[in-house]
Amino acid sequence: NAGVTQTPKFRVLKTGQSMTLLCAQDMNHEYMYWYRQDPGMGLRLIHYSVGEGTTAKGEVPDGYNVSRLKKQNFLLGLESAAPSQTSVYFCASGKIPGLLAYEQYFGPGTRLTVT
Amino acid sequence: KNQVEQSPQSLIILEGKNCTLQCNYTVSPFSNLRWYKQDTGRGPVSLTIMTFSENTKSNGRYTATLDADTKQSSLHITASQLSDSASYICVVSGQAGTALIFGKGTTLSVSS
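Think of each chain on its own: its residues are numbered from 1, step by step along the sequence as written. Working convention: letters from A go to chains and numbers from 1 go to ligands, in the order in which they are written. Two thresholds apply to this predicted model, a pLDDT of at least 70 for residue-level local features and 80 or more for giving and counting side-chain atom pairs, whereas whole-chain, interface and lining totals are computed over all residues. Excluding hydrogens and water, the side-chain values take into account all heavy atoms of the structure.

(A) Molecular detail of the overall build of chain B. Comment: elements are numbered from the N terminus, with helices defined as DSSP H or I runs of at least four residues and strands as E runs of at least two. Of regular secondary structure, chain B possesses 0 helices and 11 strands. In chain B, the succession of helices and strands from N to C terminus is β-β-β-β-β-β-β-β-β-β-β. Radius of gyration here is computed from C-alpha atoms only, and the compact-globule reference equals 2.2 Å multiplied by the residue count raised to the power 0.38. Against the globule reference of 13 Å for 112 residues, chain B gives a C-alpha radius of gyration of 13 Å, in line with a compact fold. Across its three principal axes, chain B shows a C-alpha extent of roughly 40 × 25 × 20 Å. The buried label goes to any residue with under 20% of its type's maximum accessible area, the exposed label to any with over 50%, and the partly exposed label to all in between, with areas taken from a 1.4 Å probe on protein chains only. Expressed as a percentage of its 112 residues, the buried residues of chain B come to 44%. Between two residues, a contact is recorded if the distance between any of their heavy atoms is within 4.5 Å. Residue pairs in contact within chain B that sit at least 24 positions apart in sequence constitute 55% of those at least 6 positions apart. Here chain B has roughly 5,400 Å² of accessible surface; of this, 47% comes from carbon and sulfur atoms. With residues, only the protein chains shown are counted as cover, and all accessible areas are computed by Shrake-Rupley using a 1.4 Å probe.

Structure, rendered in structure tokens:
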């Protein structure tokens, strides 16, 4: 199993450009998440999905859109990149959290710089 | 406001020594608390998960404790190794299915 994979690993964008980050998981997980990690701050949830075809906003959703057309993939889009979106983006997946302590598995991250 | 506070912010220890990292939280209701290890340039990897009914859990040289009454947790690392150099993140979950609340992490450096 590859677990959670993310592409690309690195990207530099100019302000106003658009791009899509791809997350894929091969563990048949229902839940998928997009986080951003900034220096001196904890990971913050951008958007999440509780199943194919469904998405929901997290703590910091502005400037991002997501889609979950297939269960194994979760896409994060930036329509018009801004320097404030310079960050490291992590995708995670997990089972249906019916249990008290379900696990979340993280991808390796995408480092995005917006100039 | 639900918060997770970790201390110290950073720590340097000699290889072979023990250390303890602290986590205080104000999340309510509380479901579980996790400790993650994040190597530089990598995603977080789970070390332990504890529910409110558990007060200690070990994973090799890592031992986590939880006091749900005082809302405190600690992660004890025994006989540290150079590979323990990483950021250690405390994460708290409220009701099952709700968003995780991440601490800012403690950066541990183990030197030889």
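(B) Representation of the pattern of salt bridges in the model. By definition here, a salt bridge exists when the distance from a side-chain nitrogen of Lys or Arg to a carboxyl oxygen of Asp or Glu is within 4 Å. Counted according to the given criterion, the structure contains 6 salt bridges over all chains. Measuring nitrogen to oxygen at the nearest pair gives 2.7 Å for the salt bridge that ties D38 of chain A to R44 of chain A. The pair D38 of chain A / R44 of chain A is uniform in exposure class, with both members buried. D39 of chain B is the salt-bridge partner of K37 of chain B, the closest N and O atoms lying 3.9 Å from each other. Of the residues examined, K37 of chain B reaches a relative accessible area of 14% and is grouped as buried.

(C) Just the state of the cysteines, in detail. Here, two cysteine sulfur atoms that lie within 2.5 Å of each other are counted as a disulfide. Under the criterion given, the structure shown has 2 disulfides over all chains. Sulfur-sulfur distance for the disulfide between C23 of chain A and C91 of chain A comes to 1.8 Å. With the S-S dihedral at roughly -75°, the linkage between C23 of chain A and C91 of chain A falls on the left-handed side. Separated by 68 residues along the polypeptide, C23 of chain A in strand β3 (residues 19-25) and C91 of chain A in strand β9 (residues 87-94) bring together distant segments of the chain. We note that C23 of chain A, like C91 of chain A, is buried. A sulfur-sulfur separation of 2.0 Å characterises the disulfide bridge that pairs C23 of chain B with C90 of chain B. Across the S-S bond linking C23 of chain B and C90 of chain B, the dihedral sits near -65°, which makes this disulfide left-handed. Here the residue C23 of chain B occupies a position in strand β3 (residues 19-25), and C90 of chain B occupies one in strand β9 (residues 86-93), the gap between them amounting to 67 residues. The thiol sulfur of C19 of chain B is not disulfide-bonded, and the nearest other cysteine sulfur, from C90 of chain B, lies at 15 Å. Residue C19 of chain B is classed as buried on the basis of its relative accessible area, which comes to 6%.

(D) Quick peek at the interface of chain A and chain B. If you look at the interface, chain A gives 18 residues, while chain B gives 22 residues. In total, about 1,500 Å² of surface goes out of reach between chain A and chain B, with carbon and sulfur atoms giving 59% of it. There are 0 salt bridges connecting chain A and chain B. Between N or O atoms, a polar contact is any pair within 3.5 Å; within protein, one atom must be a potential hydrogen donor and the other a potential acceptor, and residues adjacent in sequence are included only when both atoms are from side chains. Inspection of the chain A/chain B interface yields 3 residue pairs in polar contact (both at pLDDT 80 or more). For the side of chain A that touches chain B, the secondary structure elements donating two or more residues are β4 (31-37) and β10 (104-106) of chain A. For the side of chain A that touches chain B, the residue count by class is 12 nonpolar, 5 polar and 1 charged. Buried area: the accessible surface (1.4 Å probe) lost by two parts on joining, summed over both. Gly falls in the polar group here, along with every residue not listed as nonpolar (Ala, Val, Leu, Ile, Met, Phe, Trp, Tyr, Cys, Pro) or charged (Asp, Glu, Lys, Arg).

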